[in-house]
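# Geometric and topological summary
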Amino acid sequence: MDMDSIVSLCKRRGFLFQSSEIYGGLQGFWDYGPLGVELKRNVKNAWWQDMVRGHDDISTLPGAPSSYAMEGLDCTIIMHPQVWKCSGHYDLFHDFMVDCRETKKRYRHDQLNGRWAEAKGQRIFVTAQAGDEELAAMEKQAMKFFKIRAKNKDDIKWDGGSTCLTEIESFDEVLGPESKTLGTLTPPREFNLMFKTYVGALSGEEGAAFLRPETAQGIFVNFKNVLDSTRNRLPMGIAQIGKSFRNEITPRNFTFRSREFEQMEIEFFCHPDKSQDWYRYWRDRRLQWYHDMGISGDRLIMREHHKEELAHYSIGTADIEYAFPFMAEGEFGELEGVAHRGDFDLRSHMEGKLDEKSCPLTVQLGEDGKPKWKGSGKDLSYRDDLTNEKYTPHVIEPSAGADRATLAFLCEAYTEDSAPDENGKMQTRTVMKFHPRLAPIKAAVFPLVKKDGMPEVAKEIYLDLKKHFNVFYDEKGAVGRRYRRQDEAGTPYCITVDGESLTDKTVTLRDRDSLEQIRVKIDEVEHVIRERLNA
Ligand code: ATP
């Protein structure tokens, strides 16, 4: 599986397009085409169905400490600016960037790697964007800098392996990834990732607001509203799917790191004494979900964070990661983070955030005894009506990216194998082996030829199935070609109306993966497909 083939199929078949492409595109923004929008919607619907709508709130699910409630929510993208001050995003949500004075390019400090190289009596640190091709890029840069031809490339002596630029103190001997001279990179500077906008006619700081960088905060500030309106008891989860925005310094790897993306988040509120058990439950449950949706075992891992890696509020975090084809061998990219956030968020929204540098798990008073950012002052704690115990709930947060999940499903589905053409000759084919629940089109209906009453029967089947599933009708070209196009779209079933259909009222049902063809009665087609889609 190579990324270039996947990217080109995505464009050719209408899964993904670059945003504003006719104007040269806008980096970090992507549009979903006709097949892509169905795929992503199916990903979100499967998540919503499995986590929220289909949730069984009266039994104790396997692995769960007790039964629990689940509710949905849909909050605004722009919220009161105080939300982001109390959440810590205003002070802490930044990356470090370095600029190149020569090329005017901007890089994330921790995403530039380099190696020491020596030639012609000079020793320099050659950098490249971290990733699969970094070593080749460094070699090319070094040859250009030292004016050494490819055939003499061994004249360059490399010292040590690839090292992150964050390890290098002075940039005087550093060669930027695209620069011609040394020392053109500026010292790292903080860059807040939140997009700023202005609400109403006020264009000054009074009207300043931010596009949300995560959907989670909308859930925290509505915790009491949901609890009171549903009359639930804890434990209770609140789920939300929606757009988030991050002004990423170097968006890259297709949709993996975008500036506008969608998240699927749950905030799960529980008793502090039970929070470790719930953390383990959500970690395992969420990993299983990706397996159930067709991601194979060896490309998917769960990685517990080391203590030093944990966000300032977190007691424990596990990432669910996928071996995307654009990552170096043995590396994985985050699909979802499952974090134990303690009572940090609810407390911050109640009491305010005092000293961002001390990274408080619970709010402490600053030296001057005054809060830096004022909280809402509202009581966001919970009183258990049975035990009368009052406490600030602890929160477990499974936070997934809808676009990263969709990209993982695209990569996982991409397969090249061989299948017989209409003359029985084996030909290579590209087939997207999506899980049937995720496949953009569930079935395609073809008349074998465009005559002898076959189109009429096929259209009738098509219109009938359309009431139940997303189906596609195609009568153009050789039937083998039509099968190939549906394989590329990932359609699990193709239904063909042929001469026999007119007499015995049966059709062929072809399975995308096994290529098996069976005869099915026309009146049973819907039932057979429904059964297989649920399989
Ligand atoms: P990363 O370390 O890759 O920047 P993160 O740890 O900042 O990610 P979270 O804040 O935990 O990510 O966000 C939760 C989820 O949202 C991620 O697991 C990912 O699926 C998704 N996500 C975050 N940033 C982006 C982005 N720039 N583009 C697409 N999806 C994203």
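Cut-offs used in this document
Residues numbered from 1 in each chain as written. Predicted model: local features only at pLDDT ≥ 70, side-chain atom pairs only at ≥ 80, totals over all residues. Heavy atoms only, no water. Salt bridge = Lys/Arg side-chain N within 4 Å of Asp/Glu carboxyl O. Helix = DSSP H or I, 4+ residues; strand = E, 2+ residues; numbered from the N terminus. Pairing = 2+ DSSP bridges. Axes fitted to C-alpha atoms, helices over the stretch in contact; angles between N-to-C directions. Parallel < 35°, antiparallel > 145°, perpendicular 65-115°, else oblique. Left-handed = near helix turned anticlockwise from the far one by under 90°. Contact = heavy atoms within 4.5 Å. Nonpolar A, V, L, I, M, F, W, Y, C, P; charged D, E, K, R; others polar. Buried < 20%, exposed > 50% of the residue type's maximum accessible area, 1.4 Å probe, protein only. Domains from an automatic or database assignment. Buried area = accessible area lost by both parts, 1.4 Å probe. Core = buried A, V, L, I, M, F, W, Y, C linked by side-chain atoms within 4.5 Å. Near = heavy atom within 4 Å. Polar contact = N/O pair within 3.5 Å; in protein donor to acceptor, adjacent residues only side chain to side chain. Areas by Shrake-Rupley, 256 points an atom, 1.4 Å probe, with all protein chains shown as cover.

### Topic: the pattern of salt bridges
On inspection of all chains with the given rule, the structure shows 39 salt bridges. Two residues, R347 and E351, come together in a salt bridge whose shortest N-O distance is 2.8 Å. With a gap of four residues between them, R347 and E351 both fall in helix α9 (residues 344–351), about one helical turn apart. Put simply, E526 and R530 hold a salt bridge, and the shortest N to O gap is 2.9 Å. Residue E526 and its partner R530 are located together in helix α14 (residues 525–534), separated by four residues, close to a single helical turn. Three or more residues joined by partner-sharing salt bridges are found here, namely D95, R108, D110, E248 and R257.

### As for the pairing of strand β24 (residues 426–432)
Working note: regular strand, side chains alternate between the two faces of the sheet. Relative to β24, strand β23 (residues 414–420) is paired through seven bridges, and the arrangement is antiparallel. Bridge pairing in β24 links A419 to Q427. The turn linking β23 back onto β24 is made up of five residues, and G424 within it adopts a positive phi angle of 80°.

### Let's talk about the packing of helix α2 (residues 34–53) against helix α10 (residues 402–413)
Remark: α2 packs on α10, axes separated minimally by 10 Å, with the N-to-C direction vectors making an angle of 115°. By the angle class used here, α2 and α10 are roughly perpendicular. Between α2 and α10 lies a crossing of right-handed hand. The segment α2 lies against α10, with L39, K40, V43 and K44 engaging A402, D403, A405, T406, F409 and L410. Residues of the contact of α2 with α10, tallied by class, amount to six nonpolar, one polar and three charged.

### Overview of unusual backbone geometry
Note the cis peptide between L234 and P235, where omega equals 5°. Position of P235 relative to the elements: it lies in the loop between α7 (223–230) and β13 (236–245). A positive phi angle is found at K104, which is not glycine, with a value near 65°. Locating K104 in the fold gives a position in the loop between β4 (94–99) and β5 (106–108). With relative accessibility at 68%, the residue K104 sits in the exposed group. In the Ramachandran plot, L515 falls in the positive-phi region, its phi being about 65° despite a non-glycine side chain. Relative to the helices and strands, L515 resides in the loop between β28 (506–511) and β29 (517–521).

### Some points on the domain arrangement of the protein chain
Structurally, the protein chain comprises domain 1 (3–93 + 195–307 + 341–348 + 393–409), domain 2 (96–191) and domain 3 (424–533). Measuring from the centre of the C-alpha atoms in domain 1 to the corresponding centre in domain 3 gives 36 Å. Facing the 16 residues of domain 1 at the interface are 14 residues of domain 3. Of the roughly 1300 Å² buried between domain 1 and domain 3 on both sides combined, carbon and sulfur atoms contribute 61%. Our enumeration of links across domain 1 and domain 3 arrives at three salt bridges. E488 is the salt-bridge partner of R12, the closest N and O atoms lying 2.9 Å from each other.

### Focus on the sheet that holds strand β10 (residues 189–192)
Hydrogen bonds between backbone atoms are what pair the strands of a sheet, whose relative direction is either parallel or antiparallel. Taken together, the three strands give an open sheet; going across it, the order is β5-β4-β10, and neighbouring strands pair in antiparallel fashion. At either end of the open sheet lies a strand with only one pairing partner, and these are β5 and β10. On average, adjacent strands in this sheet sit at an angle of 50° to one another, irrespective of strand direction. Sheet topology note: the β4/β10 ladder contains four bridges and is antiparallel. Across the sheet, the residue bridging to H94 is N192, located in β10.

### Topic: the nonpolar core
In terms of nonpolar packing, the biggest core is built from 60 residues, with W278, W282, W289, Y290, F324 and F409 touching the most fellow members. For this core, the leading source of residues is α10, giving eight residues. There are two domains that each give this core at least three residues, and those are domain 1 (3–93 + 195–307 + 341–348 + 393–409) and domain 3 (424–533). Sequence-distant contacts of Y290, defined by excluding residues within four places in its chain, comprise I295, L300, I320, L335, E336, A400, A405 and F409.

### Overview of the site of the ligand
Taken together, the neighbourhood of the ligand is formed by 16 residues, with E248, R257, S258, E334 and L335 sitting nearest. In the environment of the ligand, an oxygen atom lies 2.6 Å from a nitrogen or oxygen atom belonging to the side chain of E334. Residue R404 places a side-chain N or O atom 3.1 Å away from an oxygen atom belonging to the ligand. For the ligand, whose unbound accessible area comes to 590 Å², protein coverage reaches 79%. Those elements giving two or more residues to the shell around the ligand turn out to be β14 (260–270), β17 (333–342) and β22 (394–401). Per-class residue counts for the shell around the ligand are four nonpolar, six polar and six charged.

### A short note on the environment of F15
Among the structural elements, F15 can be located in the loop between α1 (3–12) and β1 (16–18). By relative accessible area, F15 is classed as buried at 1%. Sequence separation between F15 and P34 is 19 residues; the distance between their C-alpha atoms is 6.5 Å.

### A word on the sheet that holds strand β25 (residues 443–447)
With respect to topology, five strands assemble into an open sheet ordered β26-β25-β27-β28-β29, the strand pairing being mixed. Bordering the open sheet on either side are β26 (471–473) and β29, each of which pairs with just one other strand. Taking the axes of each pair of neighbouring strands and ignoring which way they run, one obtains an average angle of 25° across the sheet. Where β25 lies against β26, three bridges are found, and the strand directions are parallel. Considered in β26, the bridge of V445 is made with Y473. Packed onto the sheet, helix α12 (residues 479–489) meets β25, β26, β27 (493–497), β28 and β29 and runs at close to 170° relative to β25.

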